[in-house]
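# Structural overview
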Amino acid sequence: MRLQTSFRTAFRALLRNKLRSLLTALGIIIGVAAVIAMVGIGNGAKKQVEDQVASMGDNALMVFSGSSSRGGMSGGFGSAGTLTLEDAFAIKREIPGVQGVTPEVEGSARISSGNQNWFTRLNGVDADYFSIRMWSFTHGGPFEERDVKAYAKVAVIGKTTALEMFGSEEEALGKIVRVRNVPFTIIGVLAPKGASFFGRDQDDTLVVPYTSAMKRVLGVKTIPRITVSVERGKSVAMVVEQVSNLLSQRHRLPGDREPDFSIRTQEELANMATATSKTMTTLLGFVASISLIVGGIGIMNIMLVSVTERTREIGIRLAIGARGSDILVQFLIEAVTLSLLGGMIGIGLAFLAATLIMRFSPMPVYITAGPVLYSFAFSAAVGILFGFYPARKAASLDPIEALRYE
Amino acid sequence: MAPIIELEDLHKTYESGEEPVHAVRGVSLTISRGEFVAVMGTSGSGKSTLMNILGCLDRPTSGGYRLDGIQVSTLPRDQLSDLRNRKIGFVFQNFNLLSRTSAVENVELPMLYRRTPLSAAEQRRKALQSLEMVGIGKRAGHTPNQLSGGQQQRVAIARSLINDPVLLLADEPTGNLDSRTSIEILGIFQRLNDEGITILMVTHEPEVANHAKRIIVMRDGRIRTDNLVANRLNAAAELGRLPAEGGA
Ligand SMILES: Nc1ncnc2c1ncn2[C@@H]1O[C@H](COP(=O)(O)OP(=O)(O)OP(=O)(O)O)[C@@H](O)[C@H]1O
Ligand SMILES: [Mg+2]
């Protein structure tokens, strides 16, 4: 039989049971939509990280106090308190090729202004911080070296915090916020940066000179983190090496002992984040693939029912000269048509879901051709795979028995 | 002329039940081109079994069967399909049309399985022509459940003729029809036979059998008698004598 005729016959047979066909295809529809949407979300996260690396500069590196082998990113780094301000000054002073250095202290703090209260992240940094992080201002500007030296009670506020406390960014400028009863004057509002690699809202912050933060608010002597930027054209790896040597020397570590600090470049951090999202993507894609297989089983089930229902039709076709292979192809095409239609609807659904997700949540979704083609091919393969057994069953029917079937 | 059908000591034994059923036990038969044979016999005498073998739907347990000069008893499944498609037309007691499929598409069906396909337009043209020939051209777009039994059987005949078969096999074609409609169908058969198609028809009614040229009676899987029809009935003449009804 001509392939064109086969497809028309298949379409007709499917249209005869519209609801049943739709319900059967539902497994494939959901499976395909899930695969594409999940991979799209994973890709979106990855792209976001890449954009952040681009916006933050690949020339930055971070020194954390505490060894890298104790605990992971969230708990271990920066918790042991082995870095001092002197270490930061030494890096700036002694290592060539370093552009900017800032010690960083942080803590969560309740801030208030009038009767407004808000829990935010307090960051104590040096004046270099803003250029290292390529962070610009929508209103006002950064504090300067002399503010740091003077333990000045000035602050720069993130967009989220400004909106929460004052309702708008303009309003925040010049206002006074009290952090644990210490009043800080807001002199700048930071441009929004969005979520960090690890999902934290970077715009929910209050940035003050590290001197003021350490002495007036947090009351600490050590610093958890030092951020260093490397001059353009200079090797980041070289600076990492030199910083490592310098700190080992300063902390008087014998060569065989594990260092009490760890260094991560911006690139490494990004890779860690992408690796996490990659694992997630694979996992989600895998789960979604299972639903495709379940969809395939649904198709097989319905095709088996269909073969039984249409035994007489098969008998008639065989009697007037259809070969077993004609019947096989007919039912196979029906199964494949079903799964491909499901695949196409699923692709449409995935794009719809992506649009809705992007409209109603901050999550970026990035659908690429790869998973679309992959899941389309996969649903065709599912149709062939799970349609084959019922089709073969139909093809091997005995014509006389099939004709007699009631 | 070379015979259309040559059977040589044909046997068919069904092994499916508790003990084997010898449905056909030693049939030798020659049917020449242009014959119109009625097969009669008691229920269970093996008529349908024989027809199924003649129609290449089933294979004999032993014995030889030459169809139009081709030894078919040993052919593989696919080649039997092709023979059914090109050389044989079937007409069944219960019509066996595809439901929810229009008459013209039912008639087109055998053409879809030709090894050398025709164009869609050509298929449609031939199907309509065939329907016209059995006097039901106006009902081409109707589905079987919109047609009477006689009309359905006409569609089935149109379908059986579409690939210009050499042999028409009809197993109780008038079994579900009233006498007038039966005569109309027999009239079509007689006309086709006059045009040169060989027809083999199973029936229980002597009245119907007398429209054929030759009657074979079977019993217990064997041929009992095999005679030419002495006073052959002519369906066209009978219809002329019957009072006119609404028409087809
Ligand atoms: N598939 C089968 N399996 C087992 N036995 C069968 C099968 N088909 C037919 N038979 C047996 O073969 C014998 C001949 O059956 P067949 O259908 O050829 O009779 P028939 O002459 O056509 O009868 P009827 O006039 O009632 O149609 C019967 O005894 C029947 O029970
Ligand atoms: Mg019978």
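No experiment lies behind these values; they were computed from the predicted model shown.

Cut-offs and rules
- Residues numbered from 1 in each chain as written.
- Chains lettered and ligands numbered in written order.
- Predicted model: local features only at pLDDT ≥ 70, side-chain atom pairs only at ≥ 80, totals over all residues.
- Heavy atoms only, no water.
- Helix = DSSP H or I, 4+ residues; strand = E, 2+ residues; numbered from the N terminus.
- Rg over C-alpha atoms; globule rule 2.2 N^0.38 Å.
- Buried < 20%, exposed > 50% of the residue type's maximum accessible area, 1.4 Å probe, protein only.
- Contact = heavy atoms within 4.5 Å.
- Areas by Shrake-Rupley, 256 points an atom, 1.4 Å probe, with all protein chains shown as cover.
- Lys, Arg positive; Asp, Glu negative; His and termini not counted.
- Charge placed at Lys NZ, Arg CZ, Asp CG, Glu CD.
- Axes fitted to C-alpha atoms, helices over the stretch in contact; angles between N-to-C directions.
- Parallel < 35°, antiparallel > 145°, perpendicular 65-115°, else oblique.
- Left-handed = near helix turned anticlockwise from the far one by under 90°.
- Nonpolar A, V, L, I, M, F, W, Y, C, P; charged D, E, K, R; others polar.
- Pairing = 2+ DSSP bridges.
- Buried area = accessible area lost by both parts, 1.4 Å probe.
- Salt bridge = Lys/Arg side-chain N within 4 Å of Asp/Glu carboxyl O.
- Polar contact = N/O pair within 3.5 Å; in protein donor to acceptor, adjacent residues only side chain to side chain.
- Expected span 1.5 Å × (residues − 1).
- Arc of directions from axis to C-beta.
- pLDDT = per-residue confidence, 0-100.
- Patch = residues over 30% accessible without salt bridge, like charges linked within 9 Å, V, L, I, M, F, W, Y side chains within 5 Å.
- Near = heavy atom within 4 Å.

## Some words on the overall build of chain B
Within chain B one finds 8 helices and 10 strands. For chain B, whose C-alpha radius of gyration is 18 Å, the value lies close to the compact-globule estimate of 18 Å for 248 residues. Along the three orthogonal principal directions, the C-alpha set of chain B runs to about 50 × 45 × 40 Å. Relative to its full complement of 248 residues, chain B shows a buried share of 55%. In chain B, 70% of the contacts between residues at least 6 apart in sequence involve partners at least 24 apart. Split by element, the accessible area of chain B, about 10900 Å² in all, is 48% carbon and sulfur. Within chain B, one finds 29 positive and 28 negative side-chain charges whose respective centroids are separated by 4 Å.

## Points about the packing of helix H3 (residues 103–112) of chain B against helix H4 (residues 120–133) of chain B
Helix-helix packing is characterised by the crossing angle of the two axes and by the distance between the axes. All names here are of chain B. One way to put it is that H3 packs onto H4 with a least axis distance of 9 Å and a crossing angle of 120°. With respect to H4, the element H3 is oriented oblique. The chirality of how H3 crosses H4 is right-handed. Taken together, the residues of H4 that come into contact with H3 (itself represented by Ala103, Val104, Glu105, Val107, Glu108, Met111 and Leu112) are Gln123, Arg124, Lys126, Ala127, Leu128, Ser130 and Leu131. Broken down by class, the residue content of the contact of H3 with H4 amounts to 8 nonpolar, 2 polar and 4 charged.

## Topic: the sheet that holds strand E8 (residues 198–202) of chain B
Residue and element names in this part refer to chain B. Across the sheet, 6 strands lie side by side as E6-E7-E8-E3-E9-E10; this open sheet has mixed pairing. Single-partner strands in this sheet number two, and they are strand E6 (88–91) and strand E10 (222–228). Taken pair by pair, the neighbouring strands of this sheet meet at an average axis angle of 20°, ignoring direction. Pairing of strand E9 (residues 214–219) with E10 involves 6 bridges; the strand directions are antiparallel. Within the sheet, the bridge partner assigned to Ile215 lies in E10 and is Asn227.

## Details of the interface of chain B and chain A
At the interface, 30 residues of chain B touch 24 residues of chain A. Contact between chain B and chain A buries roughly 2400 Å² in total, counting both sides, with carbon and sulfur atoms accounting for 49%. Broken down residue by residue, the surface that chain B buries against chain A is led by Leu57, Arg77 and Tyr113 of chain B, which jointly contribute 26%. Across the contact surface, chain B and chain A share 3 salt bridges. Note that Asp82 of chain B is salt-bridged to Arg323 of chain A, the shortest N-O span being 2.4 Å. The interface formed by chain B and chain A includes 10 residue pairs in polar contact (both at pLDDT 80 or more). Listed by contribution, the elements that provide at least two residues to the side of chain B that touches chain A are helix H2 (77–87), H3 and H4 of chain B. Here the side of chain B that touches chain A takes 6 residues from H2 of chain B, the largest share from any one element. The residue inventory of the side of chain B that touches chain A, partitioned by class, reads 12 nonpolar, 9 polar and 9 charged.

## Remarks on the sheet that holds strand E5 (residues 70–71) of chain B
Strand pairing in a sheet relies on backbone hydrogen bonds, with the paired strands running either antiparallel or parallel. Residues and elements named next belong to chain B. Taken in spatial order, the 4 strands line up as E2-E1-E4-E5 in an open sheet, and their pairing is antiparallel. Every other strand in the sheet has two partners, leaving strand E2 (21–31) and E5 as the edge strands with one partner each. In terms of strand pairing, strand E1 (residues 5–14) meets strand E4 (residues 62–67) through 5 bridges, oriented antiparallel. Considered in E4, the bridge of Glu8 is made with Gly64.

## Overview of the packing of helix H5 (residues 149–161) of chain B against helix H6 (residues 179–194) of chain B
All names here are of chain B. For the pair H5 and H6, interaxial distance at closest approach is 10 Å and the crossing angle is 15°. In terms of orientation, H5 lies roughly parallel with respect to H6. Between H5 and H6 the crossing geometry is right-handed. Within the contact between the two elements, H5 uses Gly150, Gln153, Arg154, Ile157 and Leu161 and H6 uses Thr181, Glu184, Ile185, Ile188, Phe189 and Leu192. Along the lines of polarity and charge, the residues of the contact of H5 with H6 split into 6 nonpolar, 3 polar and 2 charged.

## Regarding helix H9 (residues 236–250) of chain A
Residue and element names in this part refer to chain A. The end-to-end C-alpha distance of H9 is 21 Å, a good match for the 21 Å that 15 residues give at a rise of 1.5 Å each. What H9 keeps buried is the set Val236, Val239, Val243, Leu246 and Leu247. Across the axial projection of H9, the buried residues extend over an arc of 95°, all falling on one side. In H9, the exposed residues that point more than 90 degrees away from the buried face are Ala237, Met238 and Gln249. Considering only its buried residues, H9 is in contact with strand E1 (60–65), helix H3 (85–94), strand E2 (98–113), strand E9 (225–230) and strand E10 (261–265). The N-cap residue of H9 is Ser235: its side-chain oxygen and the backbone nitrogen of Ala237 are 3.3 Å apart. Backbone geometry just after H9 places Arg252 at a positive phi near 50°.

## Remarks on the confidence of the model for chain B
Here chain B averages 93 in pLDDT, while 98% of its residues score no lower than 70. Both scores are given for the predicted complex: the pTM is 0.75, the ipTM 0.94.

## Some remarks on the pattern of salt bridges
Pairs can form between side chains of opposite charge once their charged atoms are near each other. Residues and elements named next belong to chain A. For the coordinates displayed, the defined rule picks out 28 salt bridges over all chains. Here Arg225 ties to Glu104 by a salt bridge, and the two come within 2.6 Å at their closest N and O atoms. Residue Arg225 is located in strand E9, and its partner Glu104 is located in strand E2; the two are separated by 121 residues in the primary sequence. Classification of Glu104 by relative accessible area gives buried; the value is 2%. Its salt-bridge partner being Glu334, residue Arg310 comes within 2.9 Å of it at the nearest N-O pair. Here Glu334 lies in helix H12 (residues 324–360) and Arg310 lies in the loop between helix H10 (266–309) and helix H11 (311–319), a separation of 24 residues in the sequence. We note that Arg310, like Glu334, is buried.

## Details of a positive patch on the surface
The grouping of Lys153, Lys215, Arg216 and Lys221 of chain A at the surface amounts to a positive patch. Residue Lys153 of chain A is classed as partly exposed on the basis of its relative accessible area of 36%.

## A look at the site of ligand 1
In the region of ligand 1, 15 residues are neighbours, and Ser43, Gly44, Lys47, Ser48 and Thr49 of chain B sit closest. Looking at the residues close to ligand 1, they fall on chains A and B. Between an oxygen atom of ligand 1 and a main-chain N or O atom of Gly46 of chain B, the distance comes to 3.0 Å. Protein coverage of the free-state accessible area of ligand 1, which is 630 Å², stands at 69%. When residues of the shell around ligand 1 are traced back to their parent elements, those giving at least two are E2 and helix H1 (47–54) of chain B. Looking at the shell around ligand 1, the element that brings in the most residues is H1 of chain B, giving 3 residues. Classifying every residue of the shell around ligand 1 by side-chain character gives 3 nonpolar, 9 polar and 3 charged.

## Here's the deal with the side chain of Thr24 of chain A
All names here are of chain A. Checked against the element boundaries, Thr24 lands in helix H2 (residues 18–56). Judged by relative accessible area, which is 8%, Thr24 ranks as buried. Among residues more than four places away in sequence, those in contact with Thr24 are Gly295, Gly298, Ile299, Ile302 and Leu338.

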